[in-house]
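Structural features, examined
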Amino acid sequence: MLKKITLVAVILAFAYAGAIFALDRKVDKWDWSKINTNPDTMEIKVPKGFLWGVASASFQVEGGHDVSDSWGWWETQKNSNGKPRVEGKAGVGNDEWNLYPTDIAEMKRLGLNSYRFSLSWSKIMPTADKVNEEALAHYDKMINALLEAGIEPMLTLHHFSHPTWFEEKGAFDKEENIDDFVKFSKLVFERYGDRVKLWGTFNEPAVYGYGRHIDLAFPHNFQQADFNRLGIMLKNVLIAHDKVYSELKAMPNGDKAKIGIVKSMMQMDAYNRYDLGDQIIAHYAQKLFADAFVDYFTTGKFDFTAPPVGADVVYNSPTPNKPHLDFIGLNYYSHNSFDVQYTNFDLDKWASPLVYPNEIDTGLNYGFYPEGLYRAIREISRVGKPIYITENGIGVPVSQEEIRQQHVITSLYDVSKAIKDGYDVRAFYYWSLNDNFEWEYGYSKTFGLYSVDRNSPTLERTPKPTAEIYRKLVAKSQ
Ligand code: BGC
């Protein structure tokens, strides 16, 4: 009897160890004390024509949005307990709508040669059948001002918000709505395609979809989280991306445009490497939020299936050998480290990501994990397209400016090393030039190279010490 019990225990132990071994993603860790991170002496090498920039999104910086925008509408909504859905409102933002010349001048001063920003679909098409010429003309002026300053614009067509009329129809949850987005994309491409060569269709579809369908912190009208509904939305986003890509390519200037999509490459890790529960959660998180997407652009198959959470969406591209991509945008912030709380039956807290004890807490449920950027580059390189790092930043307060400095330095070290190691990285955009509206966190998170005085009538911008470091490192690379 004892022999049998021992045998079963040994088999179980082997099975457990085998499962851990199979799932383990091996969290890369570098010894930064052995790496030269002195901004004066470290080497930064990038290829000729490399784009150095900053990135932003319309709703976060422009100001002047109202309920005709899905996030503007969201700001007016209340929970079942009568409390506002979101704490802070974007309001005037950074008034970039009017102050863009000031911001462009600062980009120039920093030695940058590209700016990634998004167009406000709700300002351009406040209703389904109306085109607002004033909004179109505004972006004309802004694009021209950038070009005059020698700064190449990269336009994002969808960055987390869209018109309320589109939201009311069910947005990207419904395949029949895709044509509205295609129509908008064609309208703006016709207008700006002669001057703008870099286009991103969607910003971080999985992050947006997670906020909408699972976390329920982003605009929605649902009662509960639903992974399958998220999978359907992501499939529609991929179909929309492919359609926009082929339609724009067929338009005048289409042959000169580079069109891509932007993917968040947050790494998904187990908090405790030897805990099978943590490994399983990390495995599915990685599969649904990164692999499904990267595989789609590699093999043509989008596999959003995860039986434990009821996700069962598979989509096969009609053109599997021809991914509709000229570049892949990579956004990197950190990793999520999942820790299963076996005794906590509150589903929201059951597998919350934690910050590893040896990492600095960024205040956003993830730690400071600089080597993850290299890891993200390595993973996304699977798509076999030029990589544009379209966002990278850290939202710590000014009192932790040293961490922001370390962040910029280590990120650029990663980029330079990745290029040296043969990865085709062609751009780096810092998130963001100025502190700005951080979605559900309002103005409490500060990612900017510049702080913005919200009490001053001119929304005075002041460079933080990290701005100077970024300027110095960019200059070094030339
Ligand atoms: C988004 C930005 C956001 C940033 C910092 C990214 O996921 O694209 O809109 O401000 O992260 O949290």
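The structure we're discussing is the one just above.
Before going into details, it helps to say that this report is about the structure given with it. Computed from a predicted structure; not experimentally measured. Per chain, residues are indexed from 1 in the order of the written sequence. Per-residue local features of the predicted model are confined to residues with pLDDT of at least 70, and side-chain atom pairs are confined, for both listing and counting, to 80 or more; whole-chain, interface and lining totals are unaffected and use all residues. Side-chain metrics in this entry use all non-hydrogen atoms of the structure; hydrogen atoms and water are not considered.

Right, let's talk about the site of the ligand for a bit. As a structural note, the neighbourhood of the ligand is formed by Gln 60, His 159, Phe 160, Asn 203, Glu 204, Tyr 333, Glu 391, Trp 431, Glu 438, Trp 439 and Phe 447. We call two N or O atoms a polar contact when they sit within 3.5 Å, provided that within protein one can donate a hydrogen and the other can accept it, with sequence-adjacent residues counted only if both atoms are side-chain atoms. One of the side-chain N or O atoms of Glu 204 is found 2.4 Å from an oxygen atom in the ligand. Within the side chain of Trp 431, an N or O atom sits 3.3 Å from an oxygen atom of the ligand. Working definition of accessibility: Shrake-Rupley area with a 1.4 Å probe, residue cover restricted to the visible protein chains. Look at the ligand: alone it shows 310 Å² of surface, and the protein chains cover 92% of it. Here the residues of the shell around the ligand are counted per class, giving 5 nonpolar, 3 polar and 3 charged. One heavy atom within 4 Å of a molecule or strand is enough for the residue carrying it to be called near that molecule or strand. Ten residues, namely Ala, Val, Leu, Ile, Met, Phe, Trp, Tyr, Cys and Pro, are considered nonpolar, four, namely Asp, Glu, Lys and Arg, are considered charged, and the remaining ones, Gly among them, are considered polar.

Each neighbour pair has its own omega, and for Trp 431 with Ser 432 the value is 10 degrees, a cis peptide bond. Helix and strand definitions here come from DSSP, where helices need a minimum of 4 consecutive H or I residues and strands a minimum of 2 consecutive E residues; each element is numbered from the N-terminal end. Looking at the secondary structure, you find Ser 432 in the loop between strand 13 (425–430) and strand 14 (450–452). Although it is not a glycine, Leu 216 adopts a positive phi angle of roughly 60 degrees. Mapped onto the elements, Leu 216 comes out in the loop between helix 9 (205–213) and helix 10 (227–249). In this structure Leu 216 comes out as buried when scored by relative accessible area, which is 17%. Buried, partly exposed and exposed residues are distinguished by accessible area as a fraction of the type maximum, computed with a 1.4 Å probe on protein chains only: under 20%, between the cut-offs, and over 50%, respectively.

Another point: the sheet that holds strand 10 (residues 335–338). Backbone-to-backbone hydrogen bonds join strands into a sheet, with any given pair of strands oriented parallel or antiparallel. Whether two strands pair comes down to DSSP finding at least two bridges between them. Spatial strand order, 6-10-11: 3 strands in an open sheet with mixed pairing. Of all the strands in the sheet, just strand 6 (267–270) and strand 11 (353–354) have a single pairing partner and so form its edges. Alignment of strand 6 against strand 10, held across 4 bridges, turns out to be parallel. Looking at the pairing, Met 268 lines up with Asn 336 of strand 10.

Turning to the environment of Asp 103, a few remarks are in order. By the secondary structure assignment, Asp 103 is in helix 4 (residues 96–109). The spacing of Asp 103 and Asn 434 is 331 residues in sequence and 8.5 Å in space, taken between C-alpha atoms. By definition, residues are in contact when any of their heavy atoms lie within 4.5 Å. Sequence-distant contacts of Asp 103, defined by excluding residues within four places in its chain, comprise Glu 96, Leu 433, Asn 434 and Arg 461.

What follows concerns the packing of aromatic side chains. Aromatic rings from Phe, Tyr and Trp, with only the six-membered ring used for Trp, were paired whenever their centres fell within 6.5 Å, and each pair was classed as stacked if the ring planes differed by under 30 degrees, edge-to-face if by over 60, and tilted otherwise. Following the criterion strictly, the structure yields 41 aromatic pairs and no others. Pairing Trp 97 with Tyr 139 gives two aromatic rings, centres 5.6 Å apart and planes at 85 degrees, and the pair type is edge-to-face. In this pair, Trp 97 sits in helix 4 while Tyr 139 sits in helix 6 (residues 133–148), placing the two residues 42 residues apart along the sequence. With 4.8 Å between their ring centres and 35 degrees between their planes, Phe 181 and Phe 202 make a pair best called tilted. A residue pair is termed long-range when its members are at least 10 positions apart, and Phe 181 in helix 8 (residues 178–192) and Phe 202 in strand 4 (residues 198–203) qualify at 21 residues. Take Phe 181 and Phe 202: they sit in the same class, and that class is buried. Among the aromatic residues, those joined into a cluster by ring pairs are Phe 59, Trp 71, Phe 160, Tyr 208, Phe 218, Phe 437, Trp 439 and Tyr 443. The positively charged end of Lys 263 is found above the aromatic ring belonging to Phe 293, 5.2 Å away from the centroid. We count a charge as sitting over a ring when the NZ of a lysine or the CZ of an arginine lies within 6 Å of the ring centre and within 35 degrees of the ring normal. Positioned above the aromatic ring of Trp 30, the side-chain terminus of Lys 417 is 6.0 Å from the ring centre.

So, about the pairing of strand 4. Looking along a regular strand, one sees side chains alternate from face to face of the sheet. Most of strand 4 sits out of view: 6 of its 6 residues are buried. Two elements, strand 3 (residues 152–158) and strand 4, share 4 bridges in a ladder whose sense is parallel. Note that in strand 4 the partner of His 158 across the bridge is Phe 202. Summarising the sheet, strand 4 and strand 5 (residues 258–264) pair through 4 bridges and their orientation is parallel. The residue bridging Gly 200 from the neighbouring strand is Gly 260, located in strand 5.

So, on to the environment of Arg 191. Within the secondary structure, Arg 191 sits in helix 8. Judged by its relative accessible area of 23%, Arg 191 is partly exposed. Along the sequence, Arg 191 and Lys 169 sit 22 residues apart, while their C-alpha atoms lie 26 Å from each other. Apart from residues no more than four positions distant in its own chain, Arg 191 is found in contact with Glu 133, Leu 136, Ala 137 and Asp 140.

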